[in-house]
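# Summary of structural features
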Amino acid sequence: MTFPDPAAGARAHLFNDRTLESYRHSLAAGIDRVSARIATTGPFSGITPDELGPEISRIDLDRPLADPAAALDELEEVYLRDAVYFHHPRYLAHLNCPVVIPALLGEAVLTAVNSSLDTWDQSAGGTLIERRLIDWTAERIGLGPDADGVFTSGGSQSNFQALLLAREEALAAAAPLPRHEVLPRLRVIASRAGHFSVQKSAKMLGLSPDAVITVETDQSRRMKPAVLARELERCRREGLPVLAVVATAGTTDFGSIDPLPEIAAACAAAGVWLHVDAAYGCGLLASRRRRHLLDGIERADSVTVDYHKSFFQPVSSSALLVRDGAVLRHATYHADYLNPARMAERRIPNQVDKSVQTTRRFDALKLWLTLRVMGADAVGELFDEVVDRAAAAYELLAEDPRFEVVTRSQLSTVVFRYLPTGPGRAFADDANLYAREALAASGAAVVAGTKVDGHHFLKFTLLNPETTLDDIAHVLDLIAGHAAGHVDRKTAAQELCRAAG
Ligand SMILES: *Cc1c(COP(=O)(O)O)cnc(C)c1O
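Conventions we followed
- Residues numbered from 1 in each chain as written.
- Predicted model: local features only at pLDDT ≥ 70, side-chain atom pairs only at ≥ 80, totals over all residues.
- Heavy atoms only, no water.
- UniProt positions renumbered as here; feature names shortened; annotations may be inferred.
- Helix = DSSP H or I, 4+ residues; strand = E, 2+ residues; numbered from the N terminus.
- Rg over C-alpha atoms; globule rule 2.2 N^0.38 Å.
- Buried < 20%, exposed > 50% of the residue type's maximum accessible area, 1.4 Å probe, protein only.
- Contact = heavy atoms within 4.5 Å.
- Areas by Shrake-Rupley, 256 points an atom, 1.4 Å probe, with all protein chains shown as cover.
- Lys, Arg positive; Asp, Glu negative; His and termini not counted.
- Charge placed at Lys NZ, Arg CZ, Asp CG, Glu CD.
- Near = heavy atom within 4 Å.
- Polar contact = N/O pair within 3.5 Å; in protein donor to acceptor, adjacent residues only side chain to side chain.
- Pairing = 2+ DSSP bridges.
- Axes fitted to C-alpha atoms, helices over the stretch in contact; angles between N-to-C directions.
- Patch = residues over 30% accessible without salt bridge, like charges linked within 9 Å, V, L, I, M, F, W, Y side chains within 5 Å.
- Salt bridge = Lys/Arg side-chain N within 4 Å of Asp/Glu carboxyl O.

Looking at an unreviewed UniProt entry, one finds the protein chain named L-2,4-diaminobutyrate decarboxylase, with Kitasatospora paracochleata as its source organism. As stated in UniProt under Cofactor (unreviewed entry), the record for the protein chain gives "pyridoxal 5'-phosphate". Under the UniProt heading Sequence similarities (unreviewed entry), the entry covering the protein chain gives this text: "Belongs to the group II decarboxylase family."

This is the structure:
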């Protein structure tokens, strides 16, 4: 028999008690395709948008293929063949982790059941599972008995919601001054190495364009607490209410963890909300060897965690935690059709009361099955391993005269650049830009790039315990090869120009 049954028409595609064979068959076929790819693929094919664009444009979306196998054949050509594969040990670029199988199982289950976590009457057990995981995370952070939180779509949304709650608290504290007078004066203080979602959130929250004050960082890219104290004092003097200080526990580029105890003390002294963005560093919550690096996080008013960064979870999986669950009321709106106030009075657990989203995925199930199958220690071991690897990669680079390495990361990034010698030095920026692109185009490995003091640098973000030091050494050789070739061509061209006068 073929699936779906052609005689049954459109209804054959509905997932229900009569189509279970088709469900199993279809999903198994999808799993087989992915498995076949994973068995053979590199990290990236090197395809360009110009090459792939026309392939996707020419597909007629009004002429369905009907057969899932045919659709998968087509998908092979437009997606699977050229996707970027994070499980590959030579994918070293961004904060994308390889994922654990219990989480993939969770993903398959949650998509099929399709609970929506906004209200109890659309979710039931899912609501309680999410709440348990929020409590579990808050306890690992040490936020105390009144803590609460909610799963979000990612660190950007978590940061946004944290600042939304903090803004409302700051506006309430400024009463009876009217909102419209206070709003343009509100400030957020973050480190220069903090995440751009802080700036974006400030914009979405209606703050003034200069609302975010960035504090300079030390050699290892950690916020300078003395400068923070100075800025807090300046804001106080100038009558600019600081709605929050954002400390970062694991900066995206450098994996640096701001000095949380000192920052917490400064916030407490100034009576200012402390938000800790641990989107990246949250993996330490599961580490038995390095949990102490997060000391001080327990003093935060709110914390962002991205399980999809360092808990080996598929996108999306993130949460916002708050010390005082009552502040989540700023995200509450009672709609007659969904969560009328009388439901809250009857203590019906409607998560929409705490979220900026309405219909919301049961992402928590992935973490749940991960903890139930592997346990947190196993997750922490995986993360510890990549942190160890980054330290070894740093040593490798520090001893290699071809490269300059910026700083020893507390987590798992390594920021470095190829440094040409002699007159080629002038082409350093160009050479690193070129090497990164050439490497990706070759399909051998994928690395990231960033800027340090105006110069182009390269970045490894190591999140895969399967990446060996040999992989790293090999990729460094490839980078040096591409970069040196580029510098040679550039200097030769310059010589020619000079000779031609
Ligand atoms: C990745 C990251 C974010 C944003 O998280 P998303 O899940 O990508 O939205 C915020 N802060 C830091 C420090 C990050 O590394």
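## Considerations on the overall build of the protein chain
Secondary structure assignment for the protein chain yields 16 helices and eleven strands. Radius of gyration (C-alpha) of the protein chain: 25 Å, near the 23 Å computed for a compact globule of 501 residues. Projecting the C-alpha coordinates of the protein chain onto the three principal axes gives extents of approximately 85 × 75 × 45 Å. With 501 residues in all, the protein chain has 51% of them scored as buried. Across the protein chain, the fraction of contacts at a sequence separation of at least 24, relative to all contacts at a separation of at least 6, is 73%. On the protein chain, roughly 23700 Å² of surface is accessible, and the fraction owed to carbon and sulfur atoms is 55%. In the protein chain, 53 side chains carry a positive charge and 64 a negative one; their mean positions are 4 Å apart.

## Details of the site of the ligand
For the ligand, the set of nearby residues contains 14 residues, the closest of which are Gly155, Ser156, Asp277, Asp306 and Lys309. Contact distances for the ligand include 3.1 Å between an oxygen atom and a side-chain N or O atom of Lys309. Summarising the interface, the protein chains cover 85% of the accessible area of the ligand, which totals 380 Å² for the free molecule. Secondary-structure elements contributing two or more residues to the shell around the ligand are helix H6 (155-173) and helix H11 (307-310). No other element matches H6, which puts three residues into the shell around the ligand.

## Concerning the sheet that holds strand E3 (residues 212-215)
Across a sheet, strands are paired by hydrogen bonds formed along the backbone, either parallel or antiparallel in direction. An order of E1-E7-E6-E5-E4-E2-E3 is seen for the seven strands of this open sheet, with the pairing classed as mixed. Each end of this open sheet is capped by a strand with a single partner; those strands are strand E1 (148-152) and E3. Averaged over all adjacent pairs, the angle separating strand axes in this sheet is 20 degrees, with direction ignored. Strand direction decides the pairing type here: strand E2 (residues 187-191) and E3, joined by four bridges, are parallel. Each bridged residue has a counterpart across the sheet, and for Val188 the counterpart in E3 is Val212. Packed on one face of the sheet, helix H8 (residues 197-204) meets E2, E3 and strand E4 (242-248) and runs near 160 degrees to E3.

## Points about a nonpolar patch on the surface
On the surface, a cluster of nonpolar side chains totalling about 270 Å² of accessible area is made up of Val99, Ile101 and Leu104. The topology assignment puts Val99 in the loop between helix H3 (68-78) and helix H4 (101-113). Val99 gets classed as partly exposed once you look at its relative accessible area, which sits at 34%.

## Details of unusual backbone geometry
Cis geometry is adopted by the peptide bond preceding Pro176, which originates at Ala175 and carries an omega value of 10 degrees. Its place among the elements puts Pro176 in the loop between H6 and helix H7 (179-182). Of note, the bond from Val315 into Ser316 is cis; its omega dihedral lies within 30 degrees of zero at -5 degrees. Following the sequence through the fold, Ser316 ends up in the loop between H11 and strand E7 (318-322). Although it is not a glycine, Ala66 sits at a positive phi angle of roughly 70 degrees. Along the chain, Ala66 turns up in the loop between helix H2 (49-57) and H3. A relative accessible area of 59% means that Ala66 is categorised as exposed.

## Observations regarding the pattern of salt bridges
Here the structure, examined in full by the defined rule, presents 39 salt bridges. A salt bridge links Asp73 to Arg33; the shortest N-O distance between them is 2.7 Å. In this pair, Asp73 is assigned in helix H3 and Arg33 in helix H1 (residues 20-40), connecting sequence segments 40 residues apart. Classification of Arg33 as partly exposed rests on a relative accessible area of 21%. For Arg58, the salt bridge identified is with Glu55, shortest N-O distance 3.4 Å. A relative accessible area of 58% places Arg58 in the exposed class.

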